[in-house]
Amino acid sequence: MRRWHCRPAFGMGYSVQAQKGRKRIVAEMGNLKVTMTDVNGDTKVIENVDEGVSLMELAKANGVDGIFGDCGGGCACATCHVYVGEQWMAQVGQPDDIEFAMLDMVADVMRDNSRLGCQIKMKPELDGIEVTVAPASAY
Ligand code: FES
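About the cut-offs
- Residues numbered from 1 in each chain as written.
- Predicted model: local features only at pLDDT ≥ 70, side-chain atom pairs only at ≥ 80, totals over all residues.
- Helix = DSSP H or I, 4+ residues; strand = E, 2+ residues; numbered from the N terminus.
- Contact = placed C-beta atoms within 7 Å.
- Buried ≥ 20, exposed ≤ 12 C-beta atoms within 10 Å, placed from the backbone.
- Pairing = 2+ DSSP bridges.
- Axes fitted to C-alpha atoms, helices over the stretch in contact; angles between N-to-C directions.
- pLDDT = per-residue confidence, 0-100.
- Core = buried A, V, L, I, M, F, W, Y, C linked by C-beta atoms within 7 Å.

Draft legend 1. Quick look at the overall build of the protein chain. Helix and strand counts for the protein chain come out as four helices and five strands. Start at the N end of the protein chain and walk to the C end: the helices and strands fall as α-β-β-α-β-α-α-β-β. Within the protein chain, contacts between residues at least 6 apart in sequence are counted, and of these 65% link residues at least 24 apart.

Draft legend 2. Highlighting unusual backbone geometry. Here the phi dihedral of Cys 75 falls at roughly 60°; this positive angle occurs in a residue that is not glycine. One can find Cys 75 in the loop between helix H2 (55-61) and strand E3 (81-84). Taking the C-beta count within 10 Å as the criterion, Cys 75 has 17 such neighbours and is therefore assigned partly exposed. Positive phi, normally seen in glycine, also occurs at Ala 78, with a value near 65°. If you trace the backbone, Ala 78 turns up in the loop between H2 and E3.

Draft legend 3. Region of interest: the pairing of strand E5 (residues 129-133). By the alternation rule, side chains of E5 split into Ile 129, Val 131 and Val 133, which are all buried, and Glu 130 and Thr 132, of which none is buried. The sheet contact formed by strand E1 (residues 32-37) and E5 spans four bridges and is parallel. Counted as the bridge partner of Val 34 is Ile 129 from E5. Across three bridges, E3 lies against E5 in antiparallel orientation. Following the sheet pairing, Tyr 83 is matched in E5 by Thr 132.

Draft legend 4. Seen up close, the sheet that holds E3. Pairing in this open sheet of five strands is mixed, and the strands run E2-E1-E5-E3-E4 from one edge to the other. In the strand order of this sheet, the two ends are held by strand E2 (43-49) and strand E4 (114-116), each with one partner. The average undirected angle you get between the axes of adjacent strands in this sheet is 35°.

Draft legend 5. Structural context of the pairing of E1. By the alternation rule, side chains of E1 split into Leu 32, Val 34 and Met 36, which are all buried, and Lys 33, Thr 35 and Thr 37, of which none is buried. Connecting E1 to the next strand, E2, in antiparallel fashion are five residues, including Gly 41 with a positive phi near 90°.

Draft legend 6. Local environment of the environment of Val 64. Relative to the helices and strands, Val 64 resides in the loop between H2 and E3. Put simply, Val 64 and Thr 43 are 21 residues apart on the chain and 8.8 Å apart in space, counted from C-alpha to C-alpha.

Draft legend 7. The confidence of the model for the protein chain, seen in detail. Looking at the protein chain, the pLDDT average stands at 87 and 80% of residues meet or exceed 70. Overall, residues 1-14 carries pLDDT values under 50, and its contacts beyond four positions in sequence, including any with other chains, amount to four contacts.

Draft legend 8. Quick peek at the nonpolar core. Ranked by size, the top nonpolar core spans 27 residues in total, and within it Val 34, Leu 55, Ala 59, Val 82 and Val 131 carry the most contacts. Secondary structure elements with two or more residues in this core: E1, H2, E3, helix H4 (97-104) and E5. Sort the elements by how many residues they give to this core and H2 lands first, with four residues.

Draft legend 9. Looking closely at the environment of Tyr 83. Relative to the elements of secondary structure, Tyr 83 occurs in strand E3. Residue classification places Tyr 83 among the buried positions, given that 20 C-beta atoms sit within 10 Å. Through-space distance from the C-alpha of Tyr 83 to that of Asp 112 is 8.5 Å; in sequence the pair is 29 residues apart. With residues near it in sequence (within four places) discarded, Tyr 83 still touches Arg 111, Asn 113, Ser 114, Val 131, Thr 132 and Ala 134.

Following this line, the structure appears as C-alpha cells:
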C-alpha cells in the first residue's frame, strides 16, 4: 500500500466536506483596511482585516510599536492609547465613562481624539480608518 510522504496538493486527499470548509474560510477573510502610524512615525497599511478585531489586537499582531495591550483588552491599562484620525471620529464615537476614566490616567498625552485601541472593534463603517499611536504617558 502506498503512503503519502508529503502533504497532498490542495483538494487532493481531502473529503468534499473538508474542501467546502476551506473555501468558506477563504470567503470569510476580512476585507477591511487600517492605517496605523506607530510612536516612531512609521506608517503601516494593514489589509484583509476581519470584522470584530480590535485595533489593539491588530496592532500587536502586526508589530506596531507603542501598543502593548498589557491588560489584554480589559480597558484597564491604557497601553493601547491611540489618536483617531479627525475625519474618523464621528464613526468611532466618544469613549464611554469607563474608557474615559482610563484615558484620564494618561491625561498628559490625552487629546480630544484619544481612544483606547482595545475598545475600537473593526466594522465595515471603519474601513480605511487611520490612527496614530499616542506617546507613552509620563504618569
Ligand atoms: S489593552 Fe488595556 S486598556 Fe486597552
